[in-house]
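Given next are the chains, with one letter for each unit.
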Amino acid sequence: MPARVIVVTSGKGGVGKTTSTANIAAALAKFGKKVVAVDADVGLRNLDVIMGLENRVVFNFIDVIEKTCKLSQALVKDKRVPGLYLLPAAQTRTKDAVNPQQMIELCEELKPDFDFILLDCPAGIEGGFKNAAAGADEALVVTTPEIPAVRDADRIIGMLESMGKSPIRLIINRLRPNMVQDGDMLAKDDILDVLSIDLIGVVPEDEGVIRATNNGEPMTMTLDSPAAHAYLNIAERLLGNDVPLMDLESYTSRGFFSWIKKLFKRRTRQY
Amino acid sequence: MDFLRKLFGGGNDGSGAKAKDRLRIVLIHDRTDISPELLDSLREEIVSVLSKYMEIDNDKIEIDLDRDEKAVALVANIPVLRIKRGNVDYDKV
Ligand SMILES: Nc1ncnc2c1ncn2[C@@H]1O[C@H](COP(=O)(O)OP(=O)(O)OP(=O)(O)O)[C@@H](O)[C@H]1O
Ligand SMILES: [Mg+2]
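Residues numbered from 1 in each chain as written. Chains lettered and ligands numbered in written order. Predicted model: local features only at pLDDT ≥ 70, side-chain atom pairs only at ≥ 80, totals over all residues. Heavy atoms only, no water.

(A) Local environment of the confidence of the model for chain B. For chain B, per-residue confidence averages 82 on the pLDDT scale, and 80% of positions sit at 70 or higher. ipTM for the predicted complex: 0.80, alongside a pTM of 0.85. (pLDDT = per-residue confidence, 0-100.)

As structure tokens, then:
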């Protein structure tokens, strides 16, 4: 079967698209799938660094499009997880170096050789987003639990819908369960209420993300943090497995106070 | 009091609830944002449909989106001069 092509997008910048792409790609590969993560953020490439493959980048996908090299030459194989590949972006070019039709052709060329193609999209609703989205069938929309991010997600969802992408599913990233518990953060259900879109997972705020970026090793490769588990669950749900949402609160126990609170509430939110 | 509220988890007065309300209103407005061009073409189509049934006063038509805090409504004020009786000439539309 040809690959499923999924664009990871958000509208607002800095909410975790690249982090999500790297971790979901690595997780899918761990599940035995053949995966390529494409850095569609031309000019501001980051996925190579997040995946820890920056030293192995020789060519990029603009080189492929311009026929400077073959596709197989531009693909960087991750030696840590079988089946995981990166197709880097050009750092010294601008988004105008590609057009939607070329992205579609690139994805078509990749499709026969992979199970999943994940496209790490640039922020915004302009050319870069439209290029990345053009090649995709499905979409993952990343947001944080804050008004500006959710608002921009709504805009992007509308655009993805009119482009005919389906399914379009939501990742809520950087949620802080204890702030939600204290009523000081938008809760999962608040966001789902206003966006009316399917949820594919909730990723907690987690220092492990920064450690993983420092080490150049996606969290889902080592699985020693809450966010890693959240991403692994998202990958499973992409594979169609019905994984229950994580109990994030147990990860953020705040000692005695939260223990008493639990006693009274007897209610755990599921993520 | 604040301590008790936190203890019993009734955090509904926190900034999260305020965020939800603000978000809902922002989205109502975002989703109903309409460009002048789109409003013009909407106006033309409404007029052409209505003209099948009635003669309307083209110069005095008002069509706009009316926004308040919580909702948005399409408000149209279209003066009718005469209802067309008998055979409606569908082909003219
Ligand atoms: N769950 C998390 N917990 C803590 N930090 C996070 C989490 N997710 C992302 N971050 C941090 O947020 C920052 C932005 O993440 P990332 O680069 O993945 O976002 P992006 O959406 O790709 O940004 P851009 O729009 O610039 O491409 C990074 O510094 C990252 O470490
Ligand atoms: Mg990014």
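(B) Up close: the sheet that holds strand β1 (residues 4-9) of chain A. Residues and elements named next belong to chain A. What the 8 strands build is an open sheet, ordered β3-β4-β2-β5-β1-β6-β7-β8; its pairing is mixed. The sheet terminates laterally at β3 (76-77) and β8 (198-204), the two strands that pair on one side only. Relative to strand β5 (residues 116-120), strand β2 (residues 35-39) runs parallel, the two being bridged by 5 bridges. Among the inter-strand pairings, Asp 39 is bridged to a residue of β5, identified as Asp 120. (Pairing = 2+ DSSP bridges. Helix = DSSP H or I, 4+ residues; strand = E, 2+ residues; numbered from the N terminus.)

(C) Expanded view of the site of ligand 1. All names here are of chain A. Near ligand 1, the surroundings consist of 16 residues, among which Gly 14, Lys 17, Thr 18, Thr 19 and Asn 173 are the closest. Bound to the protein, ligand 1 loses 79% of the 640 Å² it would expose on its own. Counting only elements with at least two residues in the shell around ligand 1, the list comes to α1 (17-30), β7 (168-175) and β8. Of the residues that constitute the shell around ligand 1, the class distribution is 5 nonpolar, 6 polar and 5 charged. (Near = heavy atom within 4 Å. Areas by Shrake-Rupley, 256 points an atom, 1.4 Å probe, with all protein chains shown as cover. Nonpolar A, V, L, I, M, F, W, Y, C, P; charged D, E, K, R; others polar.)

(D) Quick peek at the nonpolar core. One finds Phe 61, Leu 87, Leu 110 and Leu 195 of chain A to be the most contacted residues of the largest nonpolar core, which totals 100 residues. Counting residues in hydrophobic clusters, the runner-up holds 6 residues, among them Val 47, Ile 56, Ile 63 and Ile 78 of chain B. (Core = buried A, V, L, I, M, F, W, Y, C linked by side-chain atoms within 4.5 Å. Buried < 20%, exposed > 50% of the residue type's maximum accessible area, 1.4 Å probe, protein only.)

(E) Here's a closer look at the packing of helix α7 (residues 147-162) of chain A against helix α2 (residues 15-31) of chain B. At a minimum axis separation of 10 Å, α7 of chain A and α2 of chain B run at an interaxial angle of 30°. Classified by the angle their axes make, α7 of chain A and α2 of chain B are roughly parallel. α7 of chain A and α2 of chain B meet at a crossing whose hand is right-handed. Between α7 of chain A and α2 of chain B, the residues in contact are Ile 147, Val 150, Arg 151 and Asp 154 of chain A and Ala 19, Arg 22, Leu 23, Val 26, Leu 27, Asp 30 and Arg 31 of chain B, respectively. Split by residue class, the contact of α7 of chain A with α2 of chain B holds 6 nonpolar, no polar and 5 charged. (Axes fitted to C-alpha atoms, helices over the stretch in contact; angles between N-to-C directions. Parallel < 35°, antiparallel > 145°, perpendicular 65-115°, else oblique. Left-handed = near helix turned anticlockwise from the far one by under 90°. Contact = heavy atoms within 4.5 Å.)

(F) Just a negative patch on the surface, in detail. All names here are of chain B. A cluster of acidic residues, Glu 62, Asp 64, Asp 66, Asp 68 and Glu 69, forms a negative patch on the protein surface. With respect to the secondary-structure elements, Glu 69 resides in the loop between β2 (62-67) and β3 (72-77). You can call Glu 69 exposed: its relative accessible area is 56%. (Patch = residues over 30% accessible without salt bridge, like charges linked within 9 Å, V, L, I, M, F, W, Y side chains within 5 Å. Salt bridge = Lys/Arg side-chain N within 4 Å of Asp/Glu carboxyl O. Lys, Arg positive; Asp, Glu negative; His and termini not counted. Charge placed at Lys NZ, Arg CZ, Asp CG, Glu CD.)

(G) View of α1 of chain A. Residue and element names in this part refer to chain A. Counted at 1.5 Å a residue, the expected span for α1 with its 14 residues is 20 Å, and the 20 Å between its end C-alpha atoms agrees. Counting buried positions along α1 yields 13 of 14 residues, so the element is predominantly enclosed. Of the residues one or two after α1, Gly 32 is the one with positive phi, at around 90°. (Expected span 1.5 Å × (residues − 1).)

(H) Fine view of the side chain of Arg 169 of chain A. All names here are of chain A. Within the secondary structure layout, Arg 169 lies in strand β7. Taking relative accessible area as the criterion, Arg 169 reaches 16% and is therefore assigned buried. Apart from the residues lying within four places of it in its own chain, the contact partners of Arg 169 are Arg 4, Glu 138, Ala 139, Leu 140, Val 141, Ile 197, Asp 198, Ile 200, Arg 237 and Leu 238.

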